[in-house]
Amino acid sequence: MTLKQTIRERRSISAYQDKEVSAALVEELLETAIWVPNHKLTEPWRFVFVQGEAKRNLAEINREVAMAKSNTDNKEDLQVISDNAFDKINRVPFLFFVINTLHTDAKLREEDYAASSCLIQNFSLLAWEEGLSTFWKTGKLATCAETAELIGLTENERVVGQIQVGYPAKSPTPTPRFAAKDRITVVE
Ligand SMILES: Cc1cc2nc3c(=O)[nH]c(=O)nc-3n(C[C@H](O)[C@H](O)[C@H](O)COP(=O)(O)O)c2cc1C
C-alpha cells in the first residue's frame, strides 16, 4: 500500500469484526504517530486507553446521553435506544482518548490542537495499513463531564478525540471530495 493509497482509501468505519485489537499494537502505532510537526515542541498529548469495566462504564454514559436526547415516551422504543447506545460503545474493540494539556497561551493552544490532529491522522493511516479502521469522535460522549471524570481529565486539559479502533466489518463508499484544484487561488 503506498502512502497515497492509504490516505485516499482510509475510512471512518464503526462496524467492526468481533476480533480483538491488541493494546500493544495501538501503543506501537502511537510511538510512530507522535512524530508530527509541533510548534515549540510542546508535545501536549497524552492517551487514555479505556478497557474492561471502564469501557462498560463509558457505555453506560452513552446510554444516558442517548436517553437524554430521545424524544419518545414509548417504552419499547426507549429500551431499544438504551440498549443500542450501550452496545455501540461496548462492542468497540479498542477505544482510547487523545487528551491535550491546555497551554496558557491561546495561539499555542490552537497550534497544540493542530499538532494533535496531525497525530490522530497519522495514527489512523498507520492503523489502516494494519487492516484496522478508526473513528474520531467528538460528540457529547467524548466531551461530557461524566466521561471527563471517568478518564481522569484534569482542569487544564481537553479531549481532542475519542478514538475507536477495530478490524472493519464493511467497506463503505467514500463521500466524494471537492477537487483541490477548484480551491486553489494563485496570487502573483
Ligand atoms: C475533529 C473531528 C471530529 C469528528 N467527530 C465526529 C463525531 O463526533 N461523530 C462522527 O460520526 N464522526 C466524527 N468525525 C468523523 C467524520 O465524520 C468523518 O471523518 C467524515 O465523515 C469523513 O469520513 P471518512 O473519515 O471515512 O473519510 C470527526 C472527524 C474529525 C476530524
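These figures come from a predicted structure and were not determined experimentally. The numbers attached to residues start from 1 for each chain and follow its sequence in the written order. Side-chain atom pairs in this predicted model are given and counted only at pLDDT of 80 or more, local residue features only at pLDDT of at least 70, and totals for whole chains, interfaces and linings cover all residues.

**Student:** Would you mind showing me how to read the overall build of the protein here?
**Tutor:** Looking only at helices and strands, the protein has seven helices and four strands in total. When the elements of the protein are put in sequence order from the N terminus, they spell out α-α-β-α-α-β-α-β-α-α-β. Seen through its principal axes, the protein has C-alpha atoms that stretch 65 × 40 × 35 Å. Our exposure labels follow a C-beta count within 10 Å of each residue's own C-beta, placed from the backbone: buried means 20 or more other C-beta atoms, exposed means 12 or fewer, and partly exposed covers the counts in between. Relative to its full complement of 188 residues, the protein shows a buried share of 25%. By definition, residues are in contact whenever their C-beta atoms, placed on the basis of the backbone, come within 7 Å of each other. Pairs at least 24 residues apart make up 83% of the contacts formed inside the protein by residues separated by at least 6 positions. Secondary structure elements follow DSSP: runs of H or I of four or more residues count as helices, runs of E of two or more count as strands, with numbering from the N terminus.

**Student:** Whenever I open this one, the sheet that holds strand β4 (residues 157–166) confuses me. Can you help?
**Tutor:** Picture the strands of a sheet paired through backbone hydrogen bonds; they go either parallel or antiparallel. In space, the four strands of this open sheet follow the order β1-β2-β4-β3, with antiparallel pairing throughout. Of all the strands in the sheet, the pair left with one neighbour each is β1 (45–49) and β3 (133–137). Each neighbouring strand pair of the sheet contributes to a mean axis angle of 25°, computed without reference to strand direction. For two strands to count as paired, DSSP must find a minimum of two bridges between them. Sheet topology note: the β3/β4 ladder contains five bridges and is antiparallel. Within β4, the position partnered with W136 by the bridge is I163. Angles here are taken between N-to-C directions and fall from 0 to 180 degrees, while the axes themselves are lines fitted to C-alpha atoms, restricted in helices to the stretch in contact.

**Student:** Could you clarify how one ought to interpret the site of the ligand in this entry?
**Tutor:** In this analysis, residues qualify as near a molecule or strand once their C-beta atom, positioned from backbone atoms, comes within 6 Å of it. Residues in close proximity to the ligand include R11, S12, W136, K137, T138, G139 and P174, which together make up its full environment. In this classification, Asp, Glu, Lys and Arg are treated as charged, Ala, Val, Leu, Ile, Met, Phe, Trp, Tyr, Cys and Pro as nonpolar, and every other residue, Gly included, as polar. Here the shell around the ligand is composed, by residue class, of two nonpolar, three polar and two charged.

**Student:** When you look at the nonpolar core in this model, what are you seeing that I'm missing?
**Tutor:** Generally speaking, a soluble globular protein has its nonpolar side chains buried in company with each other. Judged by nonpolar contacts, the single largest core of 31 residues is most densely connected at V26, L29, F94, F96, F123, A127 and V165. At the level of elements, α2 (23–33), α3 (52–69), β2 (94–101), α5 (106–129) and β4 are the ones that each hand at least two residues to this core. Apart from the residues lying within four places of it in its own chain, the contact partners of V26 are V21, F94, F96 and V165. Structurally, a nonpolar core is described as a collection of buried Ala, Val, Leu, Ile, Met, Phe, Trp, Tyr and Cys residues joined by way of C-beta atoms within 7 Å.

**Student:** So what exactly am I meant to see when it comes to unusual backbone geometry here?
**Tutor:** What you tend to see is this: most non-glycine residues have negative phi, and most peptide bonds are trans. In the Ramachandran plot, K40 falls in the positive-phi region, its phi being about 70° despite a non-glycine side chain. Following the sequence through the fold, K40 ends up in the loop between α2 and β1. One non-glycine residue with positive phi stands out, namely E43, at about 40°. What makes E43 partly exposed here is the crowd of 14 C-beta atoms within 10 Å.

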